[in-house]
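# Chains, contacts and geometry: an overview
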Amino acid sequence: ETGVTQTPRHLVMGMTNKKSLKCEQHLGHNAMYWYKQSAKKPLELMFVYNFKEQTENNSVPSRFSPECPNSSHLFLHLHTLQPEDSALYLCASSLSGGAMQETQYFGPGTRLLVL
Amino acid sequence: AQSVTQLDSHVSVSEGTPVLLRCNYSSSYSPSLFWYVQHPNKGLQLLLKYTSAATLVKGINGFEAEFKKSETSFHLTKPSAHMSDAAEYFCVVSDLSGSARQLTFGSGTQLTV
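Let us look at the structure shown here. (Residues numbered from 1 in each chain as written. Chains lettered and ligands numbered in written order. Predicted model: local features only at pLDDT ≥ 70, side-chain atom pairs only at ≥ 80, totals over all residues. Heavy atoms only, no water.)

### With respect to the overall build of chain B
Of the regular secondary structure elements, chain B holds zero helices and 12 strands. The N-to-C order of helical and strand elements in chain B reads β-β-β-β-β-β-β-β-β-β-β-β. Its C-alpha radius of gyration of 14 Å places chain B within 12% of the 13 Å reference for a compact globule of 113 residues. Dimensions of chain B, computed from the C-alpha atoms along their principal axes, are close to 45 × 30 × 20 Å. With 113 residues in all, chain B has 44% of them scored as buried. Counting only contacts in chain B whose residues sit at least 6 apart along the sequence, the fraction spanning at least 24 positions is 56%. For chain B, the accessible area works out to roughly 5,300 Å², and carbon and sulfur atoms hold 50% of it. In chain B, the 8 positive side-chain charges and the 8 negative ones have mean positions that sit 6 Å from each other. (Helix = DSSP H or I, 4+ residues; strand = E, 2+ residues; numbered from the N terminus. Rg over C-alpha atoms; globule rule 2.2 N^0.38 Å. Buried < 20%, exposed > 50% of the residue type's maximum accessible area, 1.4 Å probe, protein only. Contact = heavy atoms within 4.5 Å. Areas by Shrake-Rupley, 256 points an atom, 1.4 Å probe, with all protein chains shown as cover. Lys, Arg positive; Asp, Glu negative; His and termini not counted. Charge placed at Lys NZ, Arg CZ, Asp CG, Glu CD.)

Listed below in structure tokens is the structure:
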């Protein structure tokens, strides 16, 4: 295991539901990331947090709302999603988010299905 | 702007035969390059990375990759495939965009053994 955990692993929700994805890293890192992985498409970076501050929002719709209460935890709050939001959502962490050669460590992902 | 092209969406090899997964990149600066592997229902795991030291990089599970600046390539190889190598492989380039570090992922190569 990589030291990055995600819950739940699978989630089915209706378009009017509100749910949250949780990510926790046990690596002592200071940067955390949310990615979306859709079939047949490259990984899309959604959000970046560095030392609990959001440093990047990659034009993500407001129905996705991230929260980073501390450097170890990252949430993705979901509301009024669309079927095209169905995907694998991956969380990652890295030491500081700045150096080019820095490795990101990924969690196993949450498989989301929006009905 | 940087980009990554994985030249094959699917590669199929027999167990015990060599593996070659091709990756070409474009970058304005001297990038760092990574290969990640993703097994079904798992997250991405780092196989190896190039960070401007030796051009031949050795990774886990017998994989290696060679950085060729003249060809802007970073192909992944393994001398002898194992059944457990069946997975999806992603080539990733890390570069500077303005003052910020940016990762760009390839679209992936599905390896069947």
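Right, picking up where we left off after that structure.
### Section: the nonpolar core
Residues and elements named next belong to chain B. With 26 residues, the main nonpolar core has Trp35, Leu48, Leu76 and Tyr89 as its most contacted residues. Mapped by element, the contributors of at least two residues to this core are β3 (19–21), β4 (23–26), β5 (32–38), β6 (44–50), β8 (64–68), β9 (73–78) and β10 (87–97). For this core, the element with the most residues is β10, which contributes four residues. Setting aside chain neighbours within four positions, we find Leu76 in contact with Val19, Leu20, Leu21, Trp35, Leu47, Leu48, Phe63, Glu64, Ala65 and Tyr89. (Core = buried A, V, L, I, M, F, W, Y, C linked by side-chain atoms within 4.5 Å.)

### Regarding unusual backbone geometry
Trans peptide bonds make up the majority, and among non-glycine residues the majority have a negative phi. Residue and element names in this part refer to chain A. Cis geometry marks the peptide bond from Thr7 to Pro8, where omega comes out at -10°. Looking at the secondary structure, you find Pro8 in the loop between β1 (4–7) and β2 (10–13). In this model, Phe51 sits at a positive phi of 50°, which is unusual for a non-glycine residue. The exposure class of Phe51 is partly exposed, given its relative accessible area of 47%.

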